[in-house]
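# Report on the structure
In case you want the letters, here they are:
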Amino acid sequence: MHTDEYEISIAREIIVCKRFTEKLSKRLEEHAGRFGASDPDKVVRNNEQSDDQAAGTISEQELQQWREDIEALAIWEQRLAEYEEAFRMMRTSASS
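Chains are numbered independently. Their residues run from 1 in the order of the written sequence. For a predicted model such as this one, the threshold for reporting local features is a pLDDT of at least 70, and the threshold for listing and counting side-chain atom pairs is 80 or more; totals across whole chains, interfaces and linings nevertheless cover every residue. Where side-chain values are given, they derive from all heavy atoms of the structure, hydrogens and water being excluded.

What follows concerns the overall build of the protein chain. Along its length, the protein chain carries 3 helices and 0 strands. Secondary structure elements of the protein chain, listed N to C terminal, follow the sequence α-α-α. Buried residues are those whose accessible area, probed at 1.4 Å on protein chains only, stays under 20% of the maximum for their type, while exposed residues exceed 50% and partly exposed ones sit between those limits. Here the protein chain, with 96 residues, has 23% of them falling under the buried criterion. Note on definitions: a residue-residue contact is assigned when non-hydrogen atoms from the two residues lie within 4.5 Å. Taking all contacts inside the protein chain whose residues are at least 6 apart in sequence as the whole, residues at least 24 apart take part in 75%. Helix numbers and strand numbers start at the N terminus; a helix is a DSSP run of H or I with at least 4 residues, a strand a run of E with at least 2.

Counting 16 residues, the largest nonpolar core has Ile10, Ile14, Phe35, Val43, Ile58 and Trp66 as the members making the most contacts within it. No other element matches helix 3 (residues 60–95), which puts 7 residues into this core. Working definition of a nonpolar core: buried Ala, Val, Leu, Ile, Met, Phe, Trp, Tyr and Cys residues. They are joined through side-chain atoms within 4.5 Å.

Turning our attention to the confidence of the model for the protein chain. Of all residues in the protein chain, 89% attain a pLDDT of 70 or more, and the chain-wide mean is 87. On a range of 0 to 100, pLDDT expresses the predictor's confidence in each residue. Across the protein chain, the secondary-structure element scoring lowest on mean pLDDT is helix 2 (residues 40–49), at 78, and the one scoring highest is helix 1 (residues 4–35), at 95.

Our focus in this paragraph is helix 1. Its 32 residues place the ends of helix 1 47 Å apart at the C-alpha level, agreeing with the 46 Å of an ideal helix rising 1.5 Å per residue. Where helix 1 ends, the next residue or the one after it, Gly36, has phi of about 70 degrees, a positive value. Multiplying 1.5 Å by the residue count of a helix minus one yields the expected span of that helix.

To pair, rings of Phe, Tyr and Trp, with the six-membered ring standing in for Trp, must have centres within 6.5 Å; the planes then decide the type, stacked if under 30 degrees apart, edge-to-face if over 60, and tilted in the middle. With the rule as written, the count across this model stands at 2 aromatic pairs. With a centroid separation of 4.3 Å and an interplanar angle of 5 degrees, the aromatic rings of Phe20 and Trp76 are classed as stacked. Within this pair, whereas Phe20 is found in helix 1, its partner Trp76 is found in helix 3, the two being separated by 56 residues in sequence. Assessed through its relative accessible area of 35%, Phe20 is described here as partly exposed.

Further remarks concern helix 3. An ideal rise of 1.5 Å per residue puts 52 Å on 36 residues; helix 3 measures up with 53 Å between its terminal C-alpha atoms. Looking only at helix 3, the buried set comprises Leu63, Trp66, Asp69, Leu73, Trp76, Leu80, Phe87 and Met90.

Attention now goes to the pattern of salt bridges. Between Lys or Arg on one side and Asp or Glu on the other, a salt bridge is scored when a side-chain nitrogen of the former is within 4 Å of a carboxyl oxygen of the latter. Applying the stated criterion to the full structure yields 5 salt bridges. Note that Arg88 and Glu85 form a salt bridge whose closest N and O atoms lie 3.1 Å from each other. Of the two residues, Arg88 and Glu85 both sit in helix 3, 3 residues apart, roughly one turn of that helix. Look at Arg88 and you get partly exposed, because its relative accessible area is 47%. Owing to a relative accessible area of 36%, Glu85 belongs among the partly exposed residues under this scheme.

Quick look at the side chain of Asp69 now. Tracing the chain through its elements places Asp69 in helix 3. With near-sequence residues (within four places) excluded, Asp69 lies in contact with Leu24, Arg27, Leu28 and His31.

Rendered as structure tokens:
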């Protein structure tokens, strides 16, 4: 059964997911720019190998947040894909 309310609700969920993925992507880009790497574990390895520890140090809290953001982005991207697929299916069934 297809109703406009379902379509509107899914469209709203798509907007929410897009906003969260954009926000998380921006935060990940900021981390990468700040520490010169796209992966928090690479930053840790670089710091362990560097003689100048103060130049690029990162706190455990920052590392944890960065890792959580990476995991959250994957989850939100998956949700977005699922909502977009449901929306496409709904549009297809409505036109039949």
